[in-house]
Amino acid sequence: MSDQERELHEVNGCLELLFTLRSEFAQWLGEARDGSAREALENVLGHIEALEREYRTRQNELREHQATRS
């Protein structure tokens, strides 16, 4: 396995984890009773979504690089 294949595998794993976290925090946000809890959960969700975007960008870059090598 090349370094780029390993990195793509790791990025895919990170995206799966972030998807799970986002789903759980979204559920908790829906169950939040007070404004401060909702605000904190919205901030966490925003951070998770930003990380997802960064990892998706890296995933696409790695896939494009693999496609040009094939």
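Residues numbered from 1 in each chain as written. Predicted model: local features only at pLDDT ≥ 70, side-chain atom pairs only at ≥ 80, totals over all residues. Heavy atoms only, no water.

(A) Quick look at the overall build of the protein. Secondary structure summary: the protein contains two helices and zero strands in total. Along the longest, intermediate and shortest principal axes, the C-alpha atoms of the protein span 55 × 15 × 15 Å. Burial statistics for the protein: of 70 residues in total, 19% are counted as buried. For the protein, contacts bridging at least 24 residues in sequence account for 70% of all contacts bridging at least 6. Counting every atom, the protein has about 5200 Å² of accessible surface; 50% of that belongs to carbon and sulfur. (Helix = DSSP H or I, 4+ residues; strand = E, 2+ residues; numbered from the N terminus. Buried < 20%, exposed > 50% of the residue type's maximum accessible area, 1.4 Å probe, protein only. Contact = heavy atoms within 4.5 Å. Areas by Shrake-Rupley, 256 points an atom, 1.4 Å probe, with all protein chains shown as cover.)

(B) Spotlight on the pattern of salt bridges. Counted by the stated rule, this structure contains five salt bridges. Its salt-bridge partner being E7, residue R58 comes within 2.9 Å of it at the nearest N-O pair. With a gap of 51 residues between them, R58 in helix α2 (residues 35-69) and E7 in helix α1 (residues 3-31) connect regions that are remote in the sequence. A salt bridge links E61 to R58; the shortest N-O distance between them is 3.2 Å. Of this pair, E61 and R58 both sit in helix α2, three residues apart, which is roughly one turn of that helix. The structure contains a network of salt bridges with shared partners spanning D3, R6 and E10. (Salt bridge = Lys/Arg side-chain N within 4 Å of Asp/Glu carboxyl O.)

(C) Structural detail: the side chain of Q59. Mapped onto the elements of the fold, Q59 is located in helix α2. Since its relative accessible area comes to 6%, Q59 is described here as buried. Of note is the side chain of Q59, whose polar atom sits 3.2 Å from the side chain of R56. Not counting residues up to four positions away in its chain, the partners in contact with Q59 are L8, V11, N12 and L15. (Polar contact = N/O pair within 3.5 Å; in protein donor to acceptor, adjacent residues only side chain to side chain.)

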